[in-house]
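If you want the building blocks of each chain, they are given just below.
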Amino acid sequence: MANTDNLTGVRNSGLAIADPFIGGTTQILEVTGKGEVSVATTLTEVQLGIKVERKTATAVQEQVAQRSTAVVDALRKLGAQELQTTSIQLNPVYSYENGTQTLTGFEGLNTLQFELPTVQSGAAIDKAIQAGANVIQNISFTASDEVLQHARLQVLSEAVKDAKAQAQAVFSTLQLTPGQIIDIDINSNDNPRLSPFVSNLITDRVSTTPIIGGSQTIKASVSLDIGYSPNSAVILDLPLNGLQQFA
């Protein structure tokens, strides 16, 4: 097991590594750099449903099917993307009186999901409700794939620069000579999409529903294992090798 020195991030791997620049035994400094960037969301993903309660299962199924078809047609005309059915439910409804359970009908719920630019999503929700939708289950926001990919590369660059700065500070303070970068670990994370409300029953609509998106945070961390000579008093610039592409 590796021994950790008092200075955070400096560890003795216990391995004898031949460093072509330094020679002799090389130990390891592990540093983790972090990057973070926020991007504006432009797309809205909506999950809405058609909920019906009738005396018989057949009546529920027929009504849900008719209204679902109307909602799908309305959304397609608006250019909704990624339109799909996410769930179909049919459940019995009971009443309870004096400890007796009585079947009173059936309840059906068909859930649809679609994606549109945020500026169009409010009008799309209103059209869907006019066509027969009466439940909004979830709304979330995200940036476009192109924007997200650019942001991911940006935070990786920031994380590498942060790790480099930390390593240079340690080596300079302790007067150690850096060697090769032995290992690189990358961990990236996109924060979950923002969801302003969940499971709201819609009964009546008159004006256009305003939908306002937020920002999405992209994070990444990069860990570098860098060899160094524990006995050297020479201060050198930290070599990035092939990491200049992230700068």
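One can find the structure itself at the top, above this paragraph.
The structure displayed is predicted, hence computed values, not measured ones. (Residues numbered from 1 in each chain as written. Predicted model: local features only at pLDDT ≥ 70, side-chain atom pairs only at ≥ 80, totals over all residues. Heavy atoms only, no water.)

### Here's the deal with the overall build of the protein
Defined as follows: Here a strand is any run of E in DSSP of at least two residues, a helix any run of H or I of at least four, and the numbering for each starts at the N terminus. Classification of residues uses two cut-offs on accessible area relative to the type maximum, computed with a 1.4 Å probe and protein chains only: under 20% is buried, over 50% is exposed, and between them is partly exposed. Only heavy atoms enter the contact rule, under which two residues are in contact if any of them lie within 4.5 Å. We get accessible surface area from the Shrake-Rupley algorithm with a probe of 1.4 Å; when it comes to residues, only the shown protein chains can shield them.
When helices and strands are tallied, the protein shows three helices and eleven strands. Ordered by position in the sequence, the α and β elements of the protein form the string β-β-β-β-β-α-β-β-α-β-α-β-β-β. By the burial criterion, 38% of the 247 residues in the protein qualify as buried. Considering only contacts in the protein between residues 6 or more positions apart, those separated by 24 or more positions represent 83%. Counting every atom, the protein has about 14000 Å² of accessible surface; 49% of that belongs to carbon and sulfur.

### Here's the deal with the packing of aromatic side chains
Condition: Here the aromatic set is Phe, Tyr and Trp, taking the six-membered ring for Trp, and pairing holds for ring centres within 6.5 Å; pairs whose planes are under 30 degrees apart are stacked, those over 60 apart are edge-to-face, and all others are tilted.
Tallying each qualifying case throughout the model produces one aromatic pair. Seen from their ring centres, Phe-171 and Tyr-228 are 6.0 Å apart, and the 55° between their planes marks the pair as tilted. With a gap of 57 residues between them, Phe-171 in helix α3 (residues 145–174) and Tyr-228 in strand β11 (residues 215–229) connect regions that are remote in the sequence. The residues Phe-171 and Tyr-228 share a single accessibility class, namely buried.

### Let's talk about a nonpolar patch on the surface
Keep this limit in mind: Residues enter a patch when their relative accessible area is above 30% and they make no salt bridge; the linking distance is 9 Å between like charges and 5 Å between nonpolar side chains (Val, Leu, Ile, Met, Phe, Trp, Tyr). By convention in these notes, a salt bridge is any Lys or Arg side-chain nitrogen within 4 Å of a carboxyl oxygen on Asp or Glu.
Side chains of Tyr-94, Tyr-96 and Leu-103 sit close together on the surface and give an oily, nonpolar patch of about 350 Å² of accessible area. By the secondary structure assignment, Tyr-94 is in strand β6 (residues 81–97).

### Thoughts on the packing of helix α1 (residues 57–77) against helix α2 (residues 118–131)
Where we set the bar: Note on geometry: axes are lines fitted to C-alpha atoms, helical ones only across the stretch in contact, with angles between N-to-C directions running from 0 to 180 degrees. Note on angle classes: values under 35 degrees are labelled roughly parallel, values over 145 roughly antiparallel, values of 65 to 115 roughly perpendicular, and the remainder oblique. Rotating anticlockwise by less than a right angle from the far helix to the near helix defines a left-handed crossing, while the corresponding clockwise rotation defines a right-handed one. The residue classification treats Ala, Val, Leu, Ile, Met, Phe, Trp, Tyr, Cys and Pro as nonpolar and Asp, Glu, Lys and Arg as charged. All others, Gly included, are polar.
As a packed pair, α1 and α2 sit with axes 8 Å apart at the nearest point and diverge in direction by 150°. Taken together, the axis directions place α1 and α2 in an arrangement best described as roughly antiparallel. Along this stretch, α1 crosses α2, giving a crossing that reads as right-handed. Contact with α1, carried on its side by Arg-67, Ala-70, Val-71, Ala-74 and Leu-75, involves Ala-124, Lys-127, Ala-128 and Ala-131 of α2 and no other residues of that element. Among the residues making up the contact of α1 with α2, the classes are represented as seven nonpolar, no polar and two charged.

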